[in-house]
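Remarks on the overall topology
Each chain is listed here by its residues.
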Amino acid sequence: MHPCRAPLPRCYPLPALLTWPGFSSVPAMDDQSLHGGQHIVDSARAAGVTSVFTLSGAHVFPVYDAAVGGRVRVESTPDRRAVEREGPLRLVDTRHEQTAVFAAEAVGRLTRTPGFAAVTAGPGVTNAVSGIATAWFNRTPLVVLGGRSPDSRWGQGALQELDQPPLLASITKDAWTTHDVAQIRGDADRAFRLAASVRRGPVFWDIPIDAIYGSAPRVPHEAVEPSRAGAPDPDALARAAHLFDAAKRPLVILGSGVWMSDSIEAARHLVAGRGVPVIANGMGRGVIPSSDHRLVTRARSTAFREADLVIVVGAPLDFRLGYGVFGDPGAPVVHIVEHPDDAVPAATVEVALVGDLSAALEHLADGPYVDAAWATRLHDAARAAVDADRADLESTSDPIHPARIYGELLPRLTADAVVIGDGGDFVSFAGRYVEPDQPGRWLDPGPYGCLGTGPGFALAAGITHPGAPLFLLMGDGAAGFALSDIDTLVRHRIPAVIVVGNNAGWALEKHPMRWLYGYDVIADLPSTRYDEIAIALGGGGETVTDPAQIGPALDRAMAAGMPYLVNVLTDPEAAYPRSTLGI
Ligand SMILES: Cc1ncc(C[n+]2csc(CCOP(=O)(O)OP(=O)(O)O)c2C)c(N)n1
Ligand SMILES: [Mg+2]
């Protein structure tokens, strides 16, 4: 009889679980025989993973046991939290699975190695869906392991019995169930490799408890590297170079792919070699620092309207880029992507260059210098936009204009600061004013636009960049999704400066509804003391109503050495001036 089909006790008294022949108790493992969790943790480490994000659930206990190195290790160390931190794999527990998966997603983007979350069966998995979808939209390497009720009970109505892979199939590179403990190591290797291979993305796999609690011989590890992008087609390269050389008003857009594929040096080389104006998007922000006069993100509408060639590197031609139509009639586009699936057809695409981004950028770096008048025009337009911001950034209005918060924040941002946005209008203001000086230091949800990502992202940033100043900017509406995970930031000692732009409502919905209907409903919220929630959860905080007090409050937050929430009451009528709803 297959061990998974061994007779079970009528229900699951825990001691019976340990003696049932399908399971192997953890202490019985010897050097040659590993339980399912040990196979997974070994595989994760071999893939360069250092943390696993989770919320406790018995379906995945073996992962925890392996992550901390087993009972003897835990019992011989007086500080339980230290064991959880030190690993073999750092075990990071949250208050909601959405936060665990958002954190793993952010780790995937910040480190460019797969983020890893393990969630319990059923509700653990369904709570993970928004994080997995976020990774799908962002092309983030992410592995989510789900617990699963036992095969031997399947169909009988075990707790949380749910066939999970079909739920995830449309938002993952692959989603499957591993039924046999002997397959776990190979499947884990495949999951991490697949997530990190071009085109990067999330992978989901679940393991029934009768397999993950079982044991199987140690498997010799064969290192297989994730697949990388191939060499771009020489003909396409030549056509792109020809268009670039002939263009009078070329523009380069650098997207997240430049960061994710580590093509930063090649991008800088291209910009310096050709003097071409650049607009940054997503994780491409910071590749060209704000001090470089060729960065003209603030002259975006002029640049999009007037460019006669747009070279889009590592970014989808989605709503953020007007679906690839720049100017009227649309300027020709050279679309440079790593994988054919990213080269979606748009009428304006003249050349689709598929392959290694660095190779493509290096090839295009050779050629004539861009017309100085065009570069100067965009630089002047960008500077004029920055100058025009000054009045709002210095506003003394009462109630506080949200821009004034950024007027106080910007001088306090050092180059190593990580800035995270989670919200509507308040974060649109952040995107406009905050220009990171290094890549990989700005995190927003990306095109999936899911509220509630912020605390998970802050957790990831605090773990990935310990010691770097960390700012989490949240709308008051967004804050409501995951404030309980301030508790997580406290427990894991992440000294995030949390700024809530509290306009007592869902402004990004309130104002558009008013424009469309002349009135708004369900868009008002109370002016809640979110700082008191942070204090109750073990952090610090204060409420600010006077614009002159924002700066001193930020200073106190930065000096606090713990999560500290500055709850700034802002003007509900100060809408972000937007021209599109992204549709
Ligand atoms: C999970 C989720 N639910 C709903 C939305 C729709 N939505 C987008 S922005 C927004 C308002 C956000 O309000 P807040 O965080 O307070 O920022 P504000 O616009 O007020 O500055 C809403 C409800 C969403 N993007 N994600
Ligand atoms: Mg709000």
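Residues numbered from 1 in each chain as written. Chains lettered and ligands numbered in written order. Predicted model: local features only at pLDDT ≥ 70, side-chain atom pairs only at ≥ 80, totals over all residues.

Let us look at the nonpolar core. If you look at the biggest cluster of nonpolar residues, it comprises 114 residues, and the most contacted ones within it are Val52 and Ala117. For this core, the element with the most residues is helix α6 (residues 97–111), which contributes 8 residues. Both domain 1 (3–217) and domain 3 (394–569) contribute no fewer than three residues apiece to this core. Setting aside residues no more than four positions away along its own chain, Ala117 makes contact with Val52, Phe53, Thr54, Ala100, Val101, Ala104, Ala128 and Val144. (Core = buried A, V, L, I, M, F, W, Y, C linked by C-beta atoms within 7 Å. Buried ≥ 20, exposed ≤ 12 C-beta atoms within 10 Å, placed from the backbone. Helix = DSSP H or I, 4+ residues; strand = E, 2+ residues; numbered from the N terminus. Domains from an automatic or database assignment. Contact = placed C-beta atoms within 7 Å.)

For the protein, the assigned domains are domain 1 (3–217), domain 2 (234–378) and domain 3 (394–569). Between domain 1 and domain 2, the C-alpha centre-to-centre distance is 40 Å. Each partner contributes residues to the interface: domain 1 has 7 residues there, and domain 2 has 8 residues.

What follows is about α6. Helix length check: α6 (15 residues) gives 21 Å between terminal C-alpha atoms against 21 Å at 1.5 Å per residue, within 8%. Immediately beyond the C-terminal end of α6, within one or two residues, lies Arg112, with a positive phi of roughly 65°. (Expected span 1.5 Å × (residues − 1).)

Spatially, 6 strands are ordered β3-β2-β4-β5-β7-β6 in an open sheet, and the strand pairing comes out parallel. Looking along the sheet, the strands with just one partner apiece sit at the ends: β3 (90–93) and β6 (174–177). The average angle at which neighbouring strand axes cross in this sheet is 20°, direction not considered. As judged from the 7 bridges shared by strand β5 (residues 142–148) and strand β7 (residues 202–208), these two strands associate in the parallel manner. Residue Leu145 lies in a different strand from β7, and its bridge partner there is Trp205. (Pairing = 2+ DSSP bridges. Axes fitted to C-alpha atoms, helices over the stretch in contact; angles between N-to-C directions.)

Attention now goes to the site of ligand 1. The environment of ligand 1 is made up of 19 residues, and the closest members are Gly423, Gly424, Gly475, Gly477 and Ala507. Looking at the shell around ligand 1, the elements with two or more residues in it are α19 (425–433), α21 (476–482) and α23 (507–517). (Near = placed C-beta within 6 Å.)

A negative phi angle is the norm for most residues apart from glycine, just as the trans form is the norm for most peptide bonds. The residue after Val198, namely Arg199, is reached through a cis peptide bond having omega -5°. Position of Arg199 among the secondary structure elements: in the loop between α10 (184–196) and β7. Cis peptide bonds are those with omega within 30 degrees of zero, and the linkage from Asp398 to Pro399 qualifies with 0°. For Pro399, the location among the structural elements is in the loop between α17 (372–393) and α18 (402–409). The phi dihedral of Ala504 is positive, around 50°, even though this residue is not glycine. Residue placement: Ala504 occurs in the loop between β17 (497–502) and α23.

This paragraph deals with the packing of α6 against helix α20 (residues 454–464). Running from N to C, α6 and α20 cross one another at 45°; their axes reach a closest spacing of 7 Å. By the angle between their axes, α6 is oblique relative to α20. Between α6 and α20 the crossing geometry is right-handed. Of the residues in α20, those touching α6 at Thr99, Phe102, Ala103, Ala106, Val107, Leu110 and Thr111 are Pro455, Gly456, Phe457, Leu459, Ala460, Ala461 and Thr464. Class assignment of the residues belonging to the contact of α6 with α20 gives a composition of 10 nonpolar, 4 polar and no charged. (Parallel < 35°, antiparallel > 145°, perpendicular 65-115°, else oblique. Left-handed = near helix turned anticlockwise from the far one by under 90°. Nonpolar A, V, L, I, M, F, W, Y, C, P; charged D, E, K, R; others polar.)

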